[in-house]
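Secondary and tertiary structure notes
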Amino acid sequence: MFDAIAFAGGGNRCYWQGGFYEAVADRLALPPKLAIGVSAGAFACIYSVLGIGPRVRKLVLAACGPHRKNFDFRGWRAGGPLCPVGPMYRDLLAQLIDDAALARLQQSTDLHIAVARLPFGLPPLLGAAIGIGCYQLEKHLLHPVHPRFGRALGFRAEFVRVRDLATPGRGRRRPDAGAADPDLPARAQGAGPDLRPALAPDRGQAVRPDESGSDPGRL
């Protein structure tokens, strides 16, 4: 019935997309041939197409709770991560996306995951901070449907085709390169090859143009 489907970003708000997909998938003959996902929406697309939404929600609800904070200073003083969302998210993706899951995803639909490329020569940490800052400024001042400041500063969109990814590791890193959480500073410096959008605050993580190297599957 439909040729394509798009999953918008939005952090934890994106879980409604999985529920909606499950409710209409049979009636609308989903998935279609083409799927587009950005940030947490890419993750919602992945688990929806794979048909593992109930499992994902069970894992997420079990891992999160009122004791979880984006910045865990008590846990950090005890030797844990200052920003626990990033490690939790990577662990979740490692549980969900293996060779069999990646193969099923590639066979089910032609999924493209949106990422942002930094202006040439801009260090990752600085570029991510500028990108997030100009997005927040434009959002609060002008309330645009489609932000323009980032493009004016030289940021550009790129779409990574999941069917071109050779391993689950590269598959897991793509959503991660399309989204970030408070773990952003560390990951902005080392967003290597791997399919991950974020469980928590949806802030587009940018990737440097010169990080691709000769590997076509690397961000």
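The text that follows walks through the structure, step by step, so that each part is easy to find. (Residues numbered from 1 in each chain as written. Predicted model: local features only at pLDDT ≥ 70, side-chain atom pairs only at ≥ 80, totals over all residues. Heavy atoms only, no water.)

1. Focus on the side chain of Gln106
Within the fold, Gln106 resides in helix H6 (residues 99-108). The class for Gln106 is buried, based on a relative accessible area of 18%. If sequence neighbours within four positions are ignored, Gln106 has contacts with Val162, Arg163 and Leu165. (Helix = DSSP H or I, 4+ residues; strand = E, 2+ residues; numbered from the N terminus. Buried < 20%, exposed > 50% of the residue type's maximum accessible area, 1.4 Å probe, protein only. Contact = heavy atoms within 4.5 Å.)

2. Some words on helix H7 (residues 124-142)
Over its 19 residues, H7 extends 26 Å from the first C-alpha to the last, a length consistent with the 27 Å expected when each residue adds 1.5 Å. Where H7 is concerned, the buried positions are Pro124, Gly127, Ala128, Gly131, Ile132, Cys134 and Glu138. Buried residues in H7, looked at end-on, bunch into an arc of 165 degrees, giving them a common side. Exposed positions of H7 whose direction lies more than 90 degrees from the buried face are His140 and Leu141. Backbone geometry just after H7 places His143 at a positive phi near 50 degrees. (Expected span 1.5 Å × (residues − 1). Arc of directions from axis to C-beta.)

3. Regarding the packing of aromatic side chains
Overall, the coordinates contain five aromatic pairs when judged by the stated rule. Geometrically, the ring pair formed by Tyr15 and Tyr47 is stacked, given 6.2 Å between the ring centres and 20 degrees between the ring planes. Taken together, the positions of Tyr15 in helix H1 (residues 15-24) and Tyr47 in helix H2 (residues 40-50) put the pair 32 residues apart, joining distant regions of the chain. Tyr15 sits in the buried class, given a relative accessible area of 18%. For Tyr47, a relative accessible area of 1% puts it in the buried group. Judged by centre distance (5.7 Å) and plane angle (90 degrees), the rings of Phe43 and Tyr89 are edge-to-face. Of the two residues, Phe43 sits in helix H2 while Tyr89 sits in helix H5 (residues 85-96), which places them 46 residues apart along the sequence. (Phe/Tyr/Trp six-rings, centres within 6.5 Å; stacked < 30°, edge-to-face > 60°.)

4. As for the nonpolar core
Core analysis: the largest hydrophobic core is formed by 33 residues, its most contacted members being Phe43, Tyr47, Val56, Leu96, Leu105, Leu111 and Val162. Every element with two or more residues in this core is listed here: H1, H2, helix H3 (53-63), H5, H6 and strand E3 (110-117). It is H2 that provides the largest number of residues to this core, a total of eight residues. Those residues within four positions of Val56 in sequence are excluded, and the remaining contacts are Tyr15, Phe43, Tyr47 and Leu96. (Core = buried A, V, L, I, M, F, W, Y, C linked by side-chain atoms within 4.5 Å.)

5. Section: the packing of H2 against H6
Each pair of packed helices can be summarised by the angle the axes make with each other and by the distance between the axes. Where H2 meets H6, the closest approach of the two axes is 10 Å, and the angle between their N-to-C directions is 90 degrees. The angle between H2 and H6 falls in the class roughly perpendicular. For the pair formed by H2 and H6, the contact residues are Ile46, Val49 and Leu50 on the first element and Ala101, Arg104, Leu105 and Ser108 on the second. When its residues are assigned to classes, the contact of H2 with H6 shows five nonpolar, one polar and one charged. (Axes fitted to C-alpha atoms, helices over the stretch in contact; angles between N-to-C directions. Parallel < 35°, antiparallel > 145°, perpendicular 65-115°, else oblique. Nonpolar A, V, L, I, M, F, W, Y, C, P; charged D, E, K, R; others polar.)

6. Some remarks on H6
All buried positions along H6 are accounted for by Ala101, Leu102, Leu105 and Gln106. Buried positions in H6, seen along its axis, are confined to an arc of 130 degrees and lie on one side of it. The outward face of H6, more than 90 degrees from its buried face, is lined by the exposed residues Asp99, Ala100 and Gln107. With a side-chain oxygen lying 3.3 Å from the backbone nitrogen of Ala100, the N-terminal cap of H6 falls on Asp98. (Polar contact = N/O pair within 3.5 Å; in protein donor to acceptor, adjacent residues only side chain to side chain.)

7. Re the pairing of strand E1 (residues 4-7)
Pairing geometry for E1 and strand E2 (residues 34-38), over four bridges, is parallel. Along E2, the bridge assignment pairs Ile5 with Ala35. (Pairing = 2+ DSSP bridges.)

8. Comments concerning the pattern of salt bridges
Enumeration according to the criterion identifies five salt bridges in this entry. Between Glu22 and Arg57 there is a salt bridge; the shortest N-O distance is 3.0 Å. You can see Glu22 sitting in helix H1 and its partner Arg57 sitting in helix H3, a full 35 residues away along the chain. The exposure class of Arg57 is partly exposed, given its relative accessible area of 27%. Of the charged contacts in the structure, one is a salt bridge between Glu158 and Arg117, with a shortest N-O distance of 2.8 Å. Placement of Glu158 in strand E4 (residues 156-161) and of Arg117 in strand E3 is noted, with a sequence separation of 41 residues between them. Accessibility expressed as a relative area gives 3% for Arg117, which makes it buried. Each of Asp110, Arg161 and Asp164 takes part in one network of salt bridges that share partners. (Salt bridge = Lys/Arg side-chain N within 4 Å of Asp/Glu carboxyl O.)

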